[in-house]
There are 2 protein chains.
Amino acid sequence: MATIGDVARAAGVSVSTVSYVLSGKRTISGPTRDRVQRAIADLGYRPHAGARALASSRSNVIALMVPFRPGINVQIIMQFVGGVVTTAREHDHDVLVLTQDDAQGIDRVAASSTADALIVMDIESDDARLPALRALALPSILIGVPDDTTGLSCVDLDFAGAGRLAVRELARHGHQRLVLVGASQDRLDHRANYAVRMRQGVLEQAAATGVAADVVPAEPTFSGGAAALDAVLAEHPGTTGLVVHNEAALGGLLARAAERGLQVPDDLSVVAVSPAEMAAGLPVPVSLIEVPGERIGRIAVEMVMARLSGEELAETRLVSPAFTDHGSVAAPAPDPVRP
Amino acid sequence: MATIGDVARAAGVSVSTVSYVLSGKRTISGPTRDRVQRAIADLGYRPHAGARALASSRSNVIALMVPFRPGINVQIIMQFVGGVVTTAREHDHDVLVLTQDDAQGIDRVAASSTADALIVMDIESDDARLPALRALALPSILIGVPDDTTGLSCVDLDFAGAGRLAVRELARHGHQRLVLVGASQDRLDHRANYAVRMRQGVLEQAAATGVAADVVPAEPTFSGGAAALDAVLAEHPGTTGLVVHNEAALGGLLARAAERGLQVPDDLSVVAVSPAEMAAGLPVPVSLIEVPGERIGRIAVEMVMARLSGEELAETRLVSPAFTDHGSVAAPAPDPVRP
DNA sequence: CGTTACCATCGAAGCGATTCGATCAACGTC
DNA sequence: GACGTTGATCGAATCGCTTCGATGGTAACG
């Protein structure tokens, strides 16, 4: 491989001149710049990443901690990752993958100057990694919002807003009795801040709008969805509107509805909160509030770049929810559904 | 951050001694080694990745090219990635993510010594990246098998073997008329080598066993699966056994079967070729031949490591298929199914 | 006891960039 | 016309590590 010395020789200039042409940190005359650039192209020169990192103490790498535990929503993870990688490349950075259970991963990557910044996905309310992140010298961005955000930068969908929006959509079509089919009890209890925020949004808006709203947990499986629908109809008769925040259960829920002879949206209106792609695989189209994975990944990288260029902000950014109509919400039937 | 010099001073030895303790490339006496190791621990020293890469011309990074195009089977992608990352860490390597459409990604990563090796996923029969890969100075491993493998190293499931195994399983239960519900016509035509190999395996074994086998393509969607089942029953009446190699269509296919009053396995036996997790989300349990994503990722990394340590092999490794019974295969009903 | 070998360790030369003065020529300016 | 500016370029130090050759001390050997 050609080195910067080869380029300098070929262009008849010094090594530092080549460096300045590359970085633009000092003015170089037009003719010289051209000669250097031609030499670079001729030799197919690329700066050695390690050498550059050593000299500049910048690796141009962002570390991304991805959850690989089973049961996670893979669809949305991939969207995040795609958004992060694409945006990082636009800023001339690469992305290094860390796994959740690589406990020392954060320290390792930071202490060895392997990465310039860290993006951590799947943050829990009281995440075990928070102390490590707070102590970190590198800028870090969390995807998800923990309970205590002091000193941290976070991005996520505004789940409370999403809950409110879903309720508003259903309420304005005249629904009076709603149920949120949400995360499993387990996740609600322990970890998932987004589930809590979602529930808050739904209940809050229901109270404000004067409609009834209850919550039914669902296991994130096909049969979990079916069971959840049964539970809704058994425990909350008269329900006409559903907010489903559980992609994995959605299919089973809809299938069970069909089995029980319930038409969507005639007998039952449904709003899903889910990645957009997910809904494509369903038997019936479902109106949804999209979890914009790619967009959030993109924002995370942009926050990283801002931090790297010296802006000292530690802020939480919540992406506004948007409702996409696919026809699964309509006015409730005059004669409400009974179990 | 502490440097190797700090460690050397703290331990009262020279820099090179610390380096040799770390690498083990020369013998260091027990006492000295201990002192150095204590100093390392005390200072929390980690070698600077860039400096190490510069001096040793080894980055300890593997680049992984991941497809992010829509419509891809995300589930299995994540399994691969998980397997790759985990195994790479076991060998003290990190993983850098490249995207498919980052065309110059391969060259960039190679020319800048950012990575030591490359793993490329989702290889097509006549993949556009093959020339670049053949010309590469870095070791590269393909996940998937192109038509011409000369000079390349590949790993994949033995799809032909999987096809044969599926047919044997069905045949030994007495099925006489089988259909392979496979990839969409589009993928079959253009790209997906695995689809071609699968079909070969099925047809070959059917011929050998003396059973009838046909192929019906399916779009990789819920409704594509439903349509495929309709097509099977319309075009190939008397079919009692199905091999489904199309995870995304499997749910729709099973749902349509239920709608038409066909019981699995009483009226219809089904073998799926799919990642294991996928099958968990289905309304009925389905016997399957697993696509062992994680395992393949692991093997890919092990091949990388072998290449990096000097073994000059360029080989293709096909993972043997295994059948897992979940009860969706049984003897056909005496009175065969009619459309 | 003089050689030979080997073991443990050190010193110094890179690896390929970045970056901070320093230099030198051309240019106004008074 | 001497002098401070400014613009373009160079040289050398530096980043933190690996690795090769050299060195001194010990043990083995005849």
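Residues numbered from 1 in each chain as written. Chains lettered and ligands numbered in written order. Predicted model: local features only at pLDDT ≥ 70, side-chain atom pairs only at ≥ 80, totals over all residues. Heavy atoms only, no water.

To continue, consider the nonpolar core. Ranked by size, the top nonpolar core spans 102 residues in total, and within it Ile119 of chain A together with Ile119 of chain B carry the most contacts. Ignoring anything within four residues of it in the chain, the contact list for Ile119 of chain A reads Ile62, Ala63, Leu64, Met65, Val84, Ile141, Ile143, Ala300, Val301 and Val304 of chain A. Of all hydrophobic cores here, the second largest spans 40 residues; its members include Leu136 of chain A together with Val61, Val109 and Leu138 of chain B. (Core = buried A, V, L, I, M, F, W, Y, C linked by side-chain atoms within 4.5 Å. Buried < 20%, exposed > 50% of the residue type's maximum accessible area, 1.4 Å probe, protein only. Contact = heavy atoms within 4.5 Å.)

This part takes up the protein's contact with DNA strand D. Lining the immediate environment of DNA strand D, one finds 30 residues, of which Thr17 and Thr32 of chain A together with Ile4, Arg26 and Tyr45 of chain B sit closest. In DNA strand D, atoms within 4 Å of the protein come from the sugar-phosphate backbone in 53% of cases. Contact between DNA strand D and Thr27 of chain A: a phosphate oxygen at 2.8 Å from a side-chain N or O atom of the residue. Listed by contribution, the elements that provide at least two residues to the surface near DNA strand D are α2 (15–23) and α4 (49–56) of chain A together with α2 (15–23) and α4 (49–56) of chain B. At five residues, the largest contribution of residues to the surface near DNA strand D is made by α4 of chain B. Split by residue class, the surface near DNA strand D holds 13 nonpolar, twelve polar and five charged. (Near = heavy atom within 4 Å. Polar contact = N/O pair within 3.5 Å; in protein donor to acceptor, adjacent residues only side chain to side chain. Helix = DSSP H or I, 4+ residues; strand = E, 2+ residues; numbered from the N terminus. Nonpolar A, V, L, I, M, F, W, Y, C, P; charged D, E, K, R; others polar.)

Attention now goes to the interface of chain B and chain A. Counting residues at the interface gives 41 residues for chain B and 41 residues for chain A. Roughly 3600 Å² of surface becomes buried between chain B and chain A when both sides are summed, with 68% attributable to carbon and sulfur atoms. Interface area lost by chain B to chain A is led by Arg46, Met78 and Arg108 of chain B, which between them contribute 17%. Applying the counting criterion to the chain B and chain A interface returns two salt bridges. One salt bridge in this structure joins Arg108 of chain B and Asp94 of chain A, with 2.7 Å as the shortest N-O distance. Counting the contacts that link chain B with chain A gives six residue pairs in polar contact (both at pLDDT 80 or more). (Buried area = accessible area lost by both parts, 1.4 Å probe. Salt bridge = Lys/Arg side-chain N within 4 Å of Asp/Glu carboxyl O.)

Residue and element names in this part refer to chain A. All chains considered together, the criterion is met by two aromatic pairs over all chains. An angle of 40° between the planes, with centres 5.5 Å apart, marks the rings of Phe159 and Tyr194 as tilted. Pair noted here: Phe159 is in helix α8 (residues 159–172) and Tyr194 is in helix α10 (residues 193–209), with a separation of 35 residues, a long-range link. Take Phe159: its relative accessible area is 5%, and that puts it in the buried class. (Phe/Tyr/Trp six-rings, centres within 6.5 Å; stacked < 30°, edge-to-face > 60°.)

With that settled, the discussion passes to the packing of helix α1 (residues 4–11) of chain B against helix α3 (residues 30–43) of chain B. Residue and element names in this part refer to chain B. As a packed pair, α1 and α3 sit with axes 9 Å apart at the nearest point and diverge in direction by 125°. Classed by the angle they form, the pair α1 and α3 counts as oblique. Note that α1 runs across α3; the crossing there is right-handed. Residue-level inspection shows Asp6, Val7, Ala10 and Ala11 of α1 in contact with α3, the latter providing Arg35, Val36, Ala39, Ile40 and Leu43. Its residues assigned to classes, the contact of α1 with α3 comprises seven nonpolar, no polar and two charged. (Axes fitted to C-alpha atoms, helices over the stretch in contact; angles between N-to-C directions. Parallel < 35°, antiparallel > 145°, perpendicular 65-115°, else oblique. Left-handed = near helix turned anticlockwise from the far one by under 90°.)

With that out of the way, let us pick up the relation of the copies chain B and chain A. For the pair chain B and chain A, the superposition axis carries a translation of 0.0 Å, the fit reaches an RMSD of 0.1 Å, and the rotation angle comes to 180°. Between the two chains, the operation in question is that of a two-fold axis. By residue overlap, the copies meet face to face through one surface: 100% of the interface positions of chain B are interface positions in chain A. (Least-squares fit on C-alpha atoms with pLDDT ≥ 70 in both.)

Turning next to the sheet that holds strand β8 (residues 241–244) of chain B. Strand pairing within a sheet occurs via backbone hydrogen bonds; the two strands may be parallel or antiparallel. Residues and elements named next belong to chain B. In space, the six strands of this open sheet follow the order β7-β6-β8-β9-β10-β12, with mixed pairing throughout. Looking along the sheet, the strands with just one partner apiece sit at the ends: β7 (212–217) and β12 (323–324). Pairing of β8 with strand β9 (residues 269–274), which is carried by four bridges, proceeds in the parallel orientation. By the bridge assignment for β9, Val243 is matched with Val271. Sheet contacts for helix α10 (residues 193–209): β6 (177–182), β7, β8 and β9; angle to β7, the most-contacted strand, approximately 160°. Along the sheet, helix α11 (residues 222–235) contacts β6, β7 and β8; its crossing angle with β7, the most-contacted strand, is approximately 140°. (Pairing = 2+ DSSP bridges.)

So, on to the sheet that holds strand β8 (residues 241–244) of chain A. Residue and element names in this part refer to chain A. With mixed pairing, six strands are arranged side by side in an open sheet as β7-β6-β8-β9-β10-β12. Edge strands, defined here as strands with exactly one partner in the open sheet, are β7 (212–217) and β12 (323–324). Bridge count between strand β10 (residues 287–290) and β12: two bridges; the pairing is antiparallel. Residue Leu288 lies in a different strand from β12, and its bridge partner there is Thr324. Most of the contacts of α10 go to β7, to which it runs at about 160°, and overall it touches β6 (177–182), β7, β8 and β9 (269–274).

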